[in-house]
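Single-letter residue listing:
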Amino acid sequence: PYATLFRSRDTWETSEQTNIGMDARFLGGRLGLSFDWYVKMTKDWLVQAPMNQVLGYEEPAMINGGDIKNTGIEVALSWHDKIGSDFSYHANVNVATNKNEVTRLAANGGKIGTDSKYLNSLFQGSSYVSLVEEGHPVGYFYGMSYDGIWQNQAEIDAARNAGKPVLDTAEPGDPIWTDYDDDGVINYDLDRHEIGNPNPDVTLGISLGCEWKGFDFGVTGFGAFGQQIMQCYRTAQRANQYEQYTTDVFDRWHGEGTSNTQPRLTCGLLADQWVSTRFMQNADYFKVQNLTLGYNFNKIWKSSPFSQLRLYMQVQNLYTFTGYTGVDPECSADGGKSDDNMNFIRGIDVGLYPSARTFILGASIKF
């Protein structure tokens, strides 16, 4: 049965794509429009076969066991024009949407991401964070819903007396959890659910530029919107002097009314360290990627032996507009892991170095 159901067909992943699009120019070619609607099916995605208990392989074989569907729209607008004989300018904007969904998965339990190799991607001792599951987006975040902090014992007692689910170990300063399956019990294994998606709904690219009497100026930017990030900068979620902290620790609960977001400090891996929306943030951002100012000296050196003698200054990664509280919303994809079988893990920020801001002074010489 194992060979029949899960035998690898020894094929590469394949893709089929349907596109409906148009390209057009208006107003004497100054205005350009490009539109594309697509459906892309990735078939025979390579995944690990279910563990065979009889054969007992330590590492199950890779099989063609998954299909993924991507649908989206891409729109690009461009404008190129001149004012007089010396000034020209251009603007380009492109917007893209994408939705992906796993439509088939032949994996153990119908999920990928639940075994030991996918643990600790958020912090030491954490359970798995990212899942691949049929009917869901690739690598969606899986965890508990975090609903504030118990402020005092009376609040805990009142909830219990009203029949609301409360952990037996709950104390003032501990998190309040949502009973997602509504069975009257807070259970980490049963109340976890899809809490976020690291894949953006919309991406945006912008390019602006102009030229005037030998001077040229250009700026490019990129943004992503609708995605979430799981953030944890500590190597282990334990309260001791050897762990790294951010200034968020100053906002921890240390008495009634002091915080409704950061729980009290506790030692050990307790329920306040469950993978949950506590660690998740919306991560919309727009980055000014490049800003360039240059001058072509051929404009004043008419007898120059060069076809171009251009001096320019450039700033890369100039500024990021975002509400994300971490260092960089364009964070490490996989929490620092690099296993090829874990390439669906993304949007996990464990405090790796952000993109550097770079200043460049250069020359472009053409003969």
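The rules behind these values
- Residues numbered from 1 in each chain as written.
- Predicted model: local features only at pLDDT ≥ 70, side-chain atom pairs only at ≥ 80, totals over all residues.
- Heavy atoms only, no water.
- Patch = residues over 30% accessible without salt bridge, like charges linked within 9 Å, V, L, I, M, F, W, Y side chains within 5 Å.
- Areas by Shrake-Rupley, 256 points an atom, 1.4 Å probe, with all protein chains shown as cover.
- Salt bridge = Lys/Arg side-chain N within 4 Å of Asp/Glu carboxyl O.
- Helix = DSSP H or I, 4+ residues; strand = E, 2+ residues; numbered from the N terminus.
- Core = buried A, V, L, I, M, F, W, Y, C linked by side-chain atoms within 4.5 Å.
- Buried < 20%, exposed > 50% of the residue type's maximum accessible area, 1.4 Å probe, protein only.
- Contact = heavy atoms within 4.5 Å.
- Pairing = 2+ DSSP bridges.
- Polar contact = N/O pair within 3.5 Å; in protein donor to acceptor, adjacent residues only side chain to side chain.
- Phe/Tyr/Trp six-rings, centres within 6.5 Å; stacked < 30°, edge-to-face > 60°.
- Lys NZ or Arg CZ within 6 Å of the ring centre and 35° of its normal.

A.B. asks: Explain a nonpolar patch on the surface here, please?
C.D. replies: Together, Trp212, Phe215, Phe217, Leu293, Phe297, Ile300, Trp301, Leu311, Met313 and Leu361 give the surface a local cluster of nonpolar side chains, amounting to about 990 Å² of exposed area. Contributing elements (two or more residues each) for the nonpolar patch: strand E12 (215–225) and strand E16 (308–322). Note on placement: Ile300 falls in the loop between strand E15 (285–296) and E16.

A.B. asks: Sorry, what's going on with the nonpolar core here?
C.D. replies: Proteins that are soluble and globular tend to have nonpolar side chains buried together. Counting 40 residues, the largest nonpolar core has Leu122, Val132 and Met230 as the members making the most contacts within it. Broken down by element, the residue count for this core peaks at three residues, all from strand E7 (residues 140–143). Not counting residues within four places of it along the chain, the set of residues in contact with Val132 comprises Trp45, Val102, Leu105, Gly110, Lys111, Ile112, Val138, Gly139 and Phe344.

A.B. asks: Help me understand the sheet that holds strand E13 (residues 228–231) in this model?
C.D. replies: Sheet strands line up and pair through hydrogen bonds in the backbone, either parallel or antiparallel. Reading across the sheet, the three strands line up as E14-E13-E17 and stay open at both edges, with mixed pairing between neighbours. One side of each edge strand has no neighbouring strand; the edge strands of this open sheet are strand E14 (280–282) and strand E17 (348–349). Pairing between E13 and E14: three bridges, direction antiparallel. Within E14, the residue paired with Met230 across the bridge is Met280.

A.B. asks: What is the right way to look at the pairing of E13 in this model?
C.D. replies: On a regular strand, each side chain points to the face opposite its neighbour's, so the side chains alternate between the two faces of the sheet. By the alternation rule, side chains of E13 split into Gln228 and Met230 and Ile229 and Gln231, which are all buried. Pairing geometry for E13 and E17, over two bridges, is parallel. Bridge assignment links Met230 to a residue of E17, and that residue is Ile348.

A.B. asks: Even after reading the chapter, I still don't get the pattern of salt bridges, so can you show me in this structure?
C.D. replies: For side chains of opposite charge, pairing can occur when their charged atoms come near one another. Here the structure, examined in full by the defined rule, presents 10 salt bridges. The salt bridge involving Asp216 is made with Arg310; its shortest N-O contact spans 2.8 Å. Of this pair, Asp216 sits in strand E12 while Arg310 is found in strand E16, placing the two residues 94 residues apart along the sequence. The class for Asp216 is buried, based on a relative accessible area of 16%. A salt bridge links Lys287 to Asp328; its shortest N-O distance comes to 3.1 Å. Residue Lys287 is located in strand E15, and its partner Asp328 is located in the loop between E16 and E17; the two are separated by 41 residues in the primary sequence.

A.B. asks: What should I look at first to understand the sheet that holds strand E10 (residues 193–196) in this one?
C.D. replies: Taken in spatial order, the four strands of this open sheet run E5-E6-E7-E10, and their pairing is antiparallel. Looking at which strands have only one partner, the edges of the open sheet turn out to be strand E5 (111–112) and E10. Sheet topology note: the E5/strand E6 (residues 130–133) ladder contains two bridges and is antiparallel. Residue pairing for E6: Ile112 is matched across the bridge by Val132.

A.B. asks: Even after reading the chapter, I still don't get unusual backbone geometry, so can you show me in this structure?
C.D. replies: The bulk of non-glycine residues show a negative phi, and the bulk of peptide bonds are trans. Even without a glycine there, the phi angle at Asp182 is positive, about 55°. The backbone of Asn317 shows a phi angle near 55°, a positive value even though the residue is not glycine. Position of Asn317 relative to the elements: it lies in strand E16. Relative accessible area serves as the criterion here: at 16%, Asn317 is assigned to the buried category.

A.B. asks: How should I be thinking about the side chain of Asn199 in this particular structure?
C.D. replies: Within the secondary structure layout, Asn199 lies in the loop between E10 and strand E11 (202–212). Looking at Asn199, its side chain comes within polar contact range of the side chain of Arg346, at 3.4 Å. The contacts of Asn199, once residues within four sequence positions are left out, are Asn100, Pro137, Val138, Gly226, Gln227 and Arg346.

A.B. asks: Would you take a moment to explain the packing of aromatic side chains for this structure?
C.D. replies: Aromatic rings considered in pairs are described by the distance between their centres and by the relative angle of their planes. A complete count under the given rule lists 13 aromatic pairs for this structure. Here the aromatic rings of Trp177 and Trp274 are separated by 5.2 Å at their centres, their planes lie at 40°, and the arrangement is tilted. Here the residue Trp177 occupies a position in strand E9 (residues 175–177), and Trp274 occupies one in the loop between E13 and E14, the gap between them amounting to 97 residues. A centroid spacing of 6.3 Å and a plane angle of 75° characterise the contact between Trp301 and Phe306, whose relative ring orientation is edge-to-face. By relative accessible area, which is 37% here, Trp301 ends up partly exposed. Arg192 extends its terminal NZ or CZ atom over the ring of Tyr188, reaching a point 4.3 Å from the ring centre.

Don't take any of this as a statement about function, it's just geometry.
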